[in-house]
Amino acid sequence: MAKQRDMSKEKIMATAQEIVIENGFPTLSFRSLARKLDIRSQSLYNYYANIDAVIEDMGTTFMKTLYLKMTENLTGISGKDALRGYANIAHDYFESQGAMVQLLYYVHRYSEESPFVQETGRVLNLLRRVIRHIKLKQMDNDSFEEAFISSVMGYTVIEIMGFLNKVGAEQHRSFQQLIDLYLGEVIS
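Note that the coordinates shown come from a computational prediction; the quantities given were computed from them, not determined experimentally.

1. Topic: the overall build of the chain
Next up, step 1: Scanning the chain from terminus to terminus reveals 7 helices and 2 strands.
Next up, step 2: Ordered by position in the sequence, the α and β elements of the chain form the string α-α-α-α-α-β-α-α-β.
Next up, step 3: Looking at the chain as a whole, 43% of its 188 residues are labelled buried.
Next up, step 4: For the chain, restricting intrachain contacts to residue pairs at least 6 apart in sequence, the fraction spanning at least 24 positions comes to 67%.
Next up, step 5: For the chain, the accessible area works out to roughly 10500 Å², and carbon and sulfur atoms hold 49% of it.

Here you go:
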């Protein structure tokens, strides 16, 4: 058994991510985590209250990383360019994370005070700030925001799950056409 003093939250999180990437979220438990870490499951309680706390930490890191990528790449652009950038950054990030994108299914389990919920809110607030400064042809800004974020995230999740028949350049083209549909609603 690994010595507990070699253990850290970072090591636990990295191992939890390995489990998720290899076998999906349904297989993540204190038992599977302890087995992979080669420790007793009771030892995990020194770091986390339960598996939901591990998922919350993973989600917080996941969304914080996305937020940082967006703020790095969207600074100084606005309008259609910012909307396309937001969509592409989210899509590329989610795609690069594979099974970890399933974290989006867990955010609703946590309270508004949760760091996971707070980081998710920061990502969504970036989109709200972009949309606040654009004029739309027919839709109101709130409806546009909801439809845009649902389409970007929904498309990517379905894509990652393998439900789309297109691959590579064809899949990228389809995603860009989806974004173009929304950008057509924006008055230049």
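2. Focus on the packing of aromatic side chains
Next up, step 1: Per the stated rule, a full pass over the model turns up 10 aromatic pairs.
Next up, step 2: On the basis of an interplanar angle of 70° and a centroid distance of 4.9 Å, the ring pair of F30 and Y45 is categorised as edge-to-face. Taken together, the positions of F30 in helix α2 (residues 30-37) and Y45 in the loop between α2 and α3 (51-74) put the pair 15 residues apart, joining distant regions of the chain.
Next up, step 3: When its relative accessible area of 10% is taken as the criterion, F30 is described as buried.

3. Section: the pattern of salt bridges
Oppositely charged side chains can form a pair if their charged atoms are brought close together.
Next up, step 1: With the rule as written, the count across this model stands at 6 salt bridges.
Next up, step 2: Residues joined by salt bridges that share partners form a network here, namely E18, E22 and K36.

4. Some words on a nonpolar patch on the surface
Next up, step 1: A cluster of nonpolar side chains, Y105, I158, M161 and F163, forms an exposed patch at the surface whose accessible area comes to about 430 Å².
Next up, step 2: With respect to the helices, strands and loops of the structure, I158 is situated in helix α6 (residues 141-160).

5. Focus on the nonpolar core
Next up, step 1: Formed by 60 residues in total, the largest nonpolar core has its most connected members in L28, L33, M58, L83 and F148.
Next up, step 2: Of all the elements, α3 adds the most residues to this core, at 11 residues.
Next up, step 3: For L33, the contacting residues outside a window of four places in its chain are I12, T15, A16, I19, L28, L44, I51 and V54.

6. Some remarks on α6
Next up, step 1: Taking 1.5 Å as the rise per residue, α6 with 20 residues should run 28 Å; its terminal C-alpha atoms sit 28 Å apart, in good agreement.
Next up, step 2: Those residues of α6 lying buried are F144, E145, F148, I149, S151, V152, M153, Y155, T156, V157 and E159.
Next up, step 3: Of the surrounding secondary structure, the elements contacted by the buried residues of α6 are α4 (79-97), α5 (115-132), β1 (135-136), α7 (168-183) and β2 (186-187).
Next up, step 4: Two or three places before D142, at the opening of α6, D140 has a side-chain oxygen 3.1 Å from that residue's backbone nitrogen.
Next up, step 5: A positive backbone phi angle near 85° is found at G162, which sits one or two residues after α6.

7. What to know about the environment of K11
Next up, step 1: The topology assignment puts K11 in helix α1 (residues 9-23).
Next up, step 2: Sequence separation between K11 and L37 is 26 residues; the distance between their C-alpha atoms is 8.6 Å.
Next up, step 3: In this structure K11 touches D6 and L37, once residues within four positions along its chain are discounted.

8. Let's talk about the side chain of S151
Next up, step 1: In this structure, S151 sits in helix α6.
Next up, step 2: Of note is the side chain of S151, whose polar atom sits 2.5 Å from the side chain of Y182.
Next up, step 3: Among all residues touching S151, those that are not within four sequence positions of it are L178 and Y182.

9. With respect to unusual backbone geometry
Next up, step 1: Non-glycine residue D38 carries a positive phi angle of around 60°.
Next up, step 2: Take D38: it is sitting in the loop between α2 and α3.

10. Quick look at the environment of E119
Next up, step 1: Examined against the element boundaries, E119 turns out to sit in helix α5.
Next up, step 2: A relative accessible area of 8% means that E119 is categorised as buried.
Next up, step 3: Put simply, E119 and M58 are 61 residues apart on the chain and 11 Å apart in space, counted from C-alpha to C-alpha.
Next up, step 4: Dropping the residues within four chain positions of it, E119 is found in contact with T60, M63, K64 and Y67.

Parameters and conventions
Residues numbered from 1 in each chain as written. Predicted model: local features only at pLDDT ≥ 70, side-chain atom pairs only at ≥ 80, totals over all residues. Heavy atoms only, no water. Helix = DSSP H or I, 4+ residues; strand = E, 2+ residues; numbered from the N terminus. Buried < 20%, exposed > 50% of the residue type's maximum accessible area, 1.4 Å probe, protein only. Contact = heavy atoms within 4.5 Å. Areas by Shrake-Rupley, 256 points an atom, 1.4 Å probe, with all protein chains shown as cover. Phe/Tyr/Trp six-rings, centres within 6.5 Å; stacked < 30°, edge-to-face > 60°. Salt bridge = Lys/Arg side-chain N within 4 Å of Asp/Glu carboxyl O. Patch = residues over 30% accessible without salt bridge, like charges linked within 9 Å, V, L, I, M, F, W, Y side chains within 5 Å. Core = buried A, V, L, I, M, F, W, Y, C linked by side-chain atoms within 4.5 Å. Expected span 1.5 Å × (residues − 1). Polar contact = N/O pair within 3.5 Å; in protein donor to acceptor, adjacent residues only side chain to side chain.

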